[in-house]
Amino acid sequence: MASENKPTVLVTGFGPFGTHEVNTSWLAVQELPGTDLSQKVNLEVREIPVEYAAVDKEVPALWNEIKPKLCVHVGVHGLADCVQLEMCAHNDGYNRPDEGGQKCHHSCCVEGGPECLSTSLNLDKICSEVMTAKSPCLVGLSDDAGRFLCDYIYYKSLHLGKGTCAFVHVPRVDSPYSVEELTETLRLIVLAMVKELS
């Protein structure tokens, strides 16, 4: 049962796509309820299909249903060798078909929306706090979430404007971090974000 004294936090990971038969983002996110994070916040975790239509339907529904104080979307970045906190999301340039073979309507997330939306969180400060807390993974900042479903879901949540939102990119498992190390770093990131909001 959710506690009214604890902030509600929604963390999402993505399902399989392309060569990622098991998505590292979901592997790490689904382990979070087994950490002490679930004692400090009202934690909700969800797996989102790598499909534009699924994001269009599920993201607004989750914001309305869960009403999180903080939403953290997590995705895998196949070329990354560290955990990346994404500073912003882009509206245009979605030309790549999704896992269901469907293309993005009008190649943009929200027709008439701003070209770029940024999180209200101080990611520089959060990055420093996470590294000071002895994160097992190196954590850095990025300003390009990739113009695929990661960028798309981030923009969708930021545009809804129903609460504070962030996006975290994680590398593939064992490139170079284990699932346990990625989960621990995500735990520290969420705690740092919640601290900033309190």
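Here, every reference points to the structure presented above.
Residues numbered from 1 in each chain as written. Predicted model: local features only at pLDDT ≥ 70, side-chain atom pairs only at ≥ 80, totals over all residues. Heavy atoms only, no water.

K.L.:
Could you give me a rundown of the pairing of strand β8 (residues 164–170), with the residues and numbers involved?
P.N.:
With seven of seven residues buried, β8 is to be regarded as a mostly interior element. The pairing of strand β4 (residues 83–86) with β8 spans three bridges and is classified as antiparallel. Within β8, the residue paired with Leu85 across the bridge is Val168. (Buried < 20%, exposed > 50% of the residue type's maximum accessible area, 1.4 Å probe, protein only. Helix = DSSP H or I, 4+ residues; strand = E, 2+ residues; numbered from the N terminus. Pairing = 2+ DSSP bridges.)

K.L.:
Describe the sheet that holds strand β1 (residues 8–14), listing the residues and the values that go with them.
P.N.:
Pairing in this open sheet of six strands is mixed, and the strands run β2-β1-β3-β8-β4-β7 from one edge to the other. Edge strands, defined here as strands with exactly one partner in the open sheet, are β2 (42–48) and β7 (139–142). Sheet twist, expressed as the mean angle between neighbouring strand axes with direction ignored, is 25°. In the sheet, strand β3 (residues 70–76) pairs with β8 via seven bridges, with the strands oriented parallel. Counted as the bridge partner of Gly75 is His169 from β8. Helix α3 (residues 52–66) rests against β1, β2, β3 and β8 of the sheet, and its axis sits at about 170° to β2. In the packing of helix α6 (residues 179–197) onto the sheet, contacts are made with β1, β3, β4, β7 and β8, and the angle to β3 comes to roughly 150°. (Axes fitted to C-alpha atoms, helices over the stretch in contact; angles between N-to-C directions. Contact = heavy atoms within 4.5 Å.)

K.L.:
Give a description of the packing of helix α4 (residues 123–132) against α6 that names residues and reports values.
P.N.:
One way to put it is that α4 packs onto α6 with a least axis distance of 9 Å and a crossing angle of 130°. Taken together, the axes of α4 and α6 are oblique relative to one another. As α4 runs across α6, the sense of the crossing is right-handed. Residue-level contacts link Leu123, Ile126, Glu129 and Val130 of α4 to Thr185, Leu188, Ile189, Ala192, Met193, Lys195 and Glu196 of α6. For the contact of α4 with α6, the residue count by class is seven nonpolar, one polar and three charged. (Parallel < 35°, antiparallel > 145°, perpendicular 65-115°, else oblique. Left-handed = near helix turned anticlockwise from the far one by under 90°. Nonpolar A, V, L, I, M, F, W, Y, C, P; charged D, E, K, R; others polar.)

K.L.:
Provide a residue-level description of the pairing of β3, including the pertinent values.
P.N.:
Most of β3 is tucked away: seven of the seven residues are buried. Here β3 shows two buried faces, one formed by Leu70, Val72, Val74 and Val76 and the other by Cys71, His73 and Gly75.

K.L.:
An account of helix α5 (residues 149–160) is requested, with residue identities and associated values reported.
P.N.:
If you check α5, its first and last C-alpha atoms are 16 Å apart, about what twelve residues at 1.5 Å a residue would give, namely 16 Å. Extensive coverage of α5 is indicated by the burial of ten of its twelve residues. Just beyond α5, the residue with positive phi is Gly161, at close to 60°. (Expected span 1.5 Å × (residues − 1).)

K.L.:
How would you summarise the nonpolar core if you had to cite specific residues and measurements?
P.N.:
With 34 residues, the main nonpolar core has Val11, Val168 and Met193 as its most contacted residues. Of all elements in the fold, only β1, α1 (24–29), β2, β3, β4, α4, β8 and α6 reach the threshold of two or more residues within this core. Ranked by residues supplied to this core, first place goes to α6 with eight residues. Once residues lying within four places of it in the same chain are set aside, the contact partners of Val11 are Val29, Leu32, Leu43, Glu44, Val45, Arg46, Val72, Val74 and Val190. By size, the runner-up hydrophobic cluster in this structure holds 29 residues, among which are Ile66, Tyr155, Leu158 and Cys165. (Core = buried A, V, L, I, M, F, W, Y, C linked by side-chain atoms within 4.5 Å.)

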